[in-house]
Each structure stands twice: as structure tokens, then as C-alpha cells.
Amino acid sequence: MQEQIINFERLYEPTSNLTTAFPNDSKKALLFWLKTRFDQLEGKYLTPSIEHRLKVAYSQLEDDKIRKLVYENLASKLGIDVEKPPARTPQSFNSPWFKEVQDCKWKTLIAEYQHSPTN
């Protein structure tokens, strides 16, 4: 994704072997996107068949975080029009015990611990 061809060449084969060894279509789809971008950087052209396969692969990506990475870093560079993943809405963390963690005097506790005779 960072257009570091040497790193890609070094990492592609072992990553491809691991991906092929396990039945995970999402990881295979991501690897296909990465390989296609690498091929483009090497001067290869996209065929209509590859463009179609990229769109199918995009739909196989398992979560919106991965789709966002592909959308932002690969799709536009490859000239592939895919749907932008929905923006994530931050969720607040509300748990009764977390208020106690926030109220804790951490610096005081750490200082007391460091100066305790058992330490």
C-alpha cells in the first residue's frame, strides 16, 4: 500500500502461501487487491475481467476497516469505482466499573507502591 516494491516482493510469497492455506475469502480478496496494485506499479494494465474481479473481491472484504483501507489506498489508484464504506460512529464506553477507574488516583497509588517495603 505504501508503494514499497521491494517490501512487497519480499513479503508477497509467504503471505500468499499462508492466505492460500486457509479458507478465508476476505484475506484472499485483500491479497488480490494488493497484488493487482503491485502489478499496476510494475506496468501491467487492468483488463475488464480484472476490474470485475476486483469489485467482487471488494464485496468479500470482511469488515469496513479493511474496505476503508482498500477504498482510500488502492481503489482510486487502480481506477476502480467501489462503494465508500460507511463512516464509523464513535461509540461511548459506558460501564459502571470504568467510572471507578477514571476516578482512581493512579499517580498516588504508583508512588505508594514504589515506596512500599515489600517492593
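Above this text is the structure in question.
In this report, the structure presented in the accompanying data block is examined. Remember, predicted model here, so these are calculated numbers, not experimental data.

## Things to note about the packing of aromatic side chains
Next, step 1: If you walk through the whole model with that rule in mind, you get one aromatic pair.
Next, step 2: Seen in terms of ring centroids, Trp33 and Tyr58 are 6.2 Å apart; in terms of plane orientation they differ by 65 degrees. Their pairing is edge-to-face. Here Tyr58 lies in helix H3 (residues 48–60) and Trp33 lies in helix H2 (residues 25–41), a separation of 25 residues in the sequence.
Next, step 3: Overall, Trp33 belongs to the buried group, its relative accessible area being 0%.

## Things to note about the packing of H2 against H3
Next, step 1: Relative orientation of the contacting elements H2 and H3 amounts to 140 degrees, with a least axis distance of 8 Å. For the element pair H2 / H3, the angle class is oblique. As H2 runs across H3, the sense of the crossing is left-handed. When H2 is examined against H3, the residues Asp25, Ser26, Ala29, Phe32, Trp33 and Thr36 are found in contact with a partner set consisting of Ile50, Arg53, Leu54, Ala57, Tyr58 and Gln60.
Next, step 2: For the contact of H2 with H3, the per-class residue count stands at seven nonpolar, three polar and two charged.

## Regarding the pattern of salt bridges
Next, step 1: Within this structure, the stated rule accounts for five salt bridges.
Next, step 2: Note that Asp64 and Arg67 form a salt bridge whose closest N and O atoms lie 2.9 Å from each other. Placement of both Asp64 and Arg67 in helix H4 (residues 64–78) is noted, with a separation of three residues, approximately one turn of the helix.
Next, step 3: Under the relative-accessibility criterion, Arg67 is labelled buried at 17%.
Next, step 4: With its nearest N and O atoms 3.6 Å apart, the salt bridge here joins Glu72 to Lys68. On the criterion of helical spacing, the pair formed by Glu72 and Lys68 is a turn pair, its members being four residues apart in helix H4.
Next, step 5: Here Lys68 falls in the partly exposed class, since its relative accessible area comes to 43%.
Next, step 6: Each of Lys35, Asp39 and Lys44 takes part in one network of salt bridges that share partners.

What counts as what
Residues numbered from 1 in each chain as written. Predicted model: local features only at pLDDT ≥ 70, side-chain atom pairs only at ≥ 80, totals over all residues. Heavy atoms only, no water. Phe/Tyr/Trp six-rings, centres within 6.5 Å; stacked < 30°, edge-to-face > 60°. Helix = DSSP H or I, 4+ residues; strand = E, 2+ residues; numbered from the N terminus. Buried < 20%, exposed > 50% of the residue type's maximum accessible area, 1.4 Å probe, protein only. Axes fitted to C-alpha atoms, helices over the stretch in contact; angles between N-to-C directions. Parallel < 35°, antiparallel > 145°, perpendicular 65-115°, else oblique. Left-handed = near helix turned anticlockwise from the far one by under 90°. Contact = heavy atoms within 4.5 Å. Nonpolar A, V, L, I, M, F, W, Y, C, P; charged D, E, K, R; others polar. Salt bridge = Lys/Arg side-chain N within 4 Å of Asp/Glu carboxyl O.

By themselves, these are just geometric observations and shouldn't be taken as functional.
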